[in-house]
Amino acid sequence: MMEPMNYLEELMERYPVLDCVKSQIREAYGILVTCYENGGKLLIAGNGGSCADAEHIVGELMKGFVKRRPVSEEFAGRLLEADPHLGKELGEKLQGGLPAIALTGHSSLSTAFLNDVDGELIYAQQTCGYGKKGDVLLGISTSGNAKNVMYAVTAAKAIGMKTIGLAGKDGGQLKKAADVTIVAPETETFKIQELHLPIYHTLCLMLEERFF
């Protein structure tokens, strides 16, 4: 069993270039722990490769990452009460999840809002619909200036959500607006994205260790 912070130290050993954002990663982790301790959820927005990253993060949080995460005995019992046959299989196979929603995969909603209102506000609209005070929005933008992500950050702040940025270059507008922004120390998009993956993998590992 590892302590959550051991994963952060391991990241620094494997990617020394990220030492400059170690404190921001730790701060982002603290924001997410508080969110999940209080029953909140994570909303994630990004474009292109960052869109894929948003979906990737959900995949690591909503099921077992490096741990199996069995459901509690109490919940397994309730599943059996709900259906003795189906409940047994569910109790054996379901896993604990940390609630996370990628705002990138709702094509009917997104295209309707694009057609009827304004495509740049799609993430902000979903943030207004899903977000509650105490939730967290993670905005991913390699430049830090993606307009649709910035609209979502503004909406999140108005709701009372915490905001985390994952950026590159100089952090752009995202660095100025978010509660904490982790700025990968690269300037080319593909190199920024190559560093984003180990950063969010580490955050997911830390959270899994903390809650499971």
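Residues numbered from 1 in each chain as written. Predicted model: local features only at pLDDT ≥ 70, side-chain atom pairs only at ≥ 80, totals over all residues. Heavy atoms only, no water.

### Side note on the UniProt feature "domain: SIS" (unreviewed entry) in the protein chain
For clarity, the threshold we go by: UniProt positions are given in the numbering used here, feature names are shortened, and annotations may be inferred rather than shown by experiment. In this text, helices come from DSSP runs of H or I with a minimum length of four residues, and strands from runs of E with a minimum of two, each type numbered from the N-terminal end.
According to UniProt, the feature "domain: SIS" (unreviewed entry) maps to residues 32-212 in the numbering used here. Secondary structure across residues 32-212 comprises 55% helix and 13% strand; the distance between its end C-alpha atoms is 15 Å.

### Concerning the packing of helix H4 (residues 73-82) against helix H5 (residues 84-93)
We apply this condition: To obtain each axis, a line is fitted to C-alpha atoms, and for helices this fit is confined to the stretch in contact; angles are then taken between N-to-C directions over 0 to 180 degrees. Should an angle lie under 35 degrees it is considered roughly parallel, over 145 roughly antiparallel, and from 65 to 115 roughly perpendicular; all remaining angles are considered oblique. It is the rotation of the near helix from the far one that decides the hand of a crossing: anticlockwise by less than a right angle makes it left-handed, clockwise makes it right-handed. When checking whether two residues touch, look at their non-hydrogen atoms; a contact exists if any pair is within 4.5 Å. Each residue is assigned to one class: nonpolar for Ala, Val, Leu, Ile, Met, Phe, Trp, Tyr, Cys and Pro, charged for Asp, Glu, Lys and Arg, and polar for all the others, Gly among them.
Axis separation between H4 and H5 bottoms out at 6 Å; the angle between their running directions is 155°. If you check the angle between H4 and H5, you find them roughly antiparallel. For the pair H4 and H5, the crossing hand works out as right-handed. Contacts between H4 and H5 involve Ala-76, Leu-79, Leu-80 and Ala-82 from the former and Pro-84, Gly-87, Lys-88, Leu-90 and Gly-91 from the latter. Of the residues belonging to the contact of H4 with H5, the class tally is six nonpolar, two polar and one charged.

### Things to note about the packing of aromatic side chains
Selection rule: Side-chain rings of Phe, Tyr and Trp (the six-membered ring for Trp) are treated as a pair once their centres are within 6.5 Å; stacked means planes under 30 degrees apart, edge-to-face means over 60, and tilted covers the remaining angles. When accessible area is computed with a 1.4 Å probe and restricted to protein chains, residues below 20% of their type maximum are described as buried, those above 50% as exposed, and intermediate ones as partly exposed. We count a charge as sitting over a ring when the NZ of a lysine or the CZ of an arginine lies within 6 Å of the ring centre and within 35 degrees of the ring normal.
All told, the structure shown has one aromatic pair when counted by the stated rule. The interplanar angle of 80° and the centroid separation of 6.0 Å between the aromatic rings of Tyr-36 and Phe-211 together place this pair among those described as edge-to-face. Taken together, the positions of Tyr-36 in helix H2 (residues 22-37) and Phe-211 in helix H10 (residues 189-211) put the pair 175 residues apart, joining distant regions of the chain. Judged by relative accessible area, Tyr-36 falls into the buried class, the value being 9%. Over the aromatic face of Phe-211 sits the side chain of Arg-210, whose NZ or CZ is 4.8 Å from the ring centroid.

### What to know about helix H3 (residues 49-61)
Structurally, the α-helix is built with 3.6 residues per turn, so residues lying three or four positions apart point the same way. As a reminder of what qualifies: Expected helix span is taken as 1.5 Å per residue step, with the number of steps being one fewer than the number of residues. Think of it as the arc spanned by the lines of direction from the helix axis to the C-beta atoms.
Its 13 residues give H3 an end-to-end C-alpha distance of 19 Å, which sits within 8% of 18 Å, the value for a rise of 1.5 Å per residue. Among all positions in H3, only Ser-50, Asp-53, Ala-54, Ile-57, Val-58, Glu-60 and Leu-61 are buried. With its buried residues spanning 165° around the axis, H3 presents them on a single face. On its buried face, H3 is in contact with H2, strand E1 (42-46), strand E2 (100-102), strand E3 (136-140) and H10.

### Points about the sheet that holds E2
Heads up, the rule is: Any two strands are treated as partners once DSSP identifies two or more bridges connecting them.
Taken in spatial order, the five strands of this open sheet run E2-E1-E3-E4-E5, and their pairing is parallel. At either margin of the open sheet sits one strand with a lone partner, and together these are E2 and strand E5 (180-183). Across the sheet, the mean angle separating the axes of adjacent strands is 15° when strand polarity is ignored. Bridging between E3 and strand E4 (residues 162-167) involves five bridges; their strand directions are parallel. Following the sheet pairing, Gly-139 is matched in E4 by Gly-165.

### Quick look at unusual backbone geometry
Phi angles above zero are rare outside glycine, and Arg-69 is one such case at about 60°. Counting through the fold element by element, Arg-69 comes out in the loop between H3 and H4. Relative accessible area serves as the criterion here: at 2%, Arg-69 is assigned to the buried category. Even without a glycine there, the phi angle at Lys-169 is positive, about 55°. One can find Lys-169 in the loop between E4 and helix H9 (172-177).

### Concerning the side chain of Thr-163
In this fold, Thr-163 is placed in strand E4. The residues contacting Thr-163, other than those within four sequence positions of it, are Leu-137, Val-153, Ala-156, Lys-157, Ala-177, Ala-178, Asp-179 and Val-180.

### Quick word on the pattern of salt bridges
The criterion, for reference: Take a side-chain nitrogen of Lys or Arg and a carboxyl oxygen of Asp or Glu: if they are within 4 Å of each other, that pair is a salt bridge.
Evaluation of the coordinates by the stated rule reveals 10 salt bridges. When the shortest N-O distance is used, the salt bridge between Lys-41 and Asp-135 registers 2.7 Å. Placement of the pair is Lys-41 in the loop between H2 and E1 and Asp-135 in the loop between helix H7 (122-130) and E3, with a sequence separation of 94 residues. By the burial criterion, Lys-41 is buried, and Asp-135 matches it.

### Some words on the environment of Gly-139
Mapping Gly-139 onto the fold places it in strand E3. Put simply, Gly-139 and Val-153 are 14 residues apart on the chain and 7.2 Å apart in space, counted from C-alpha to C-alpha. The contacts of Gly-139, once residues within four sequence positions are left out, are Ala-45, Val-149, Ile-164, Gly-165, Leu-166 and Leu-174.

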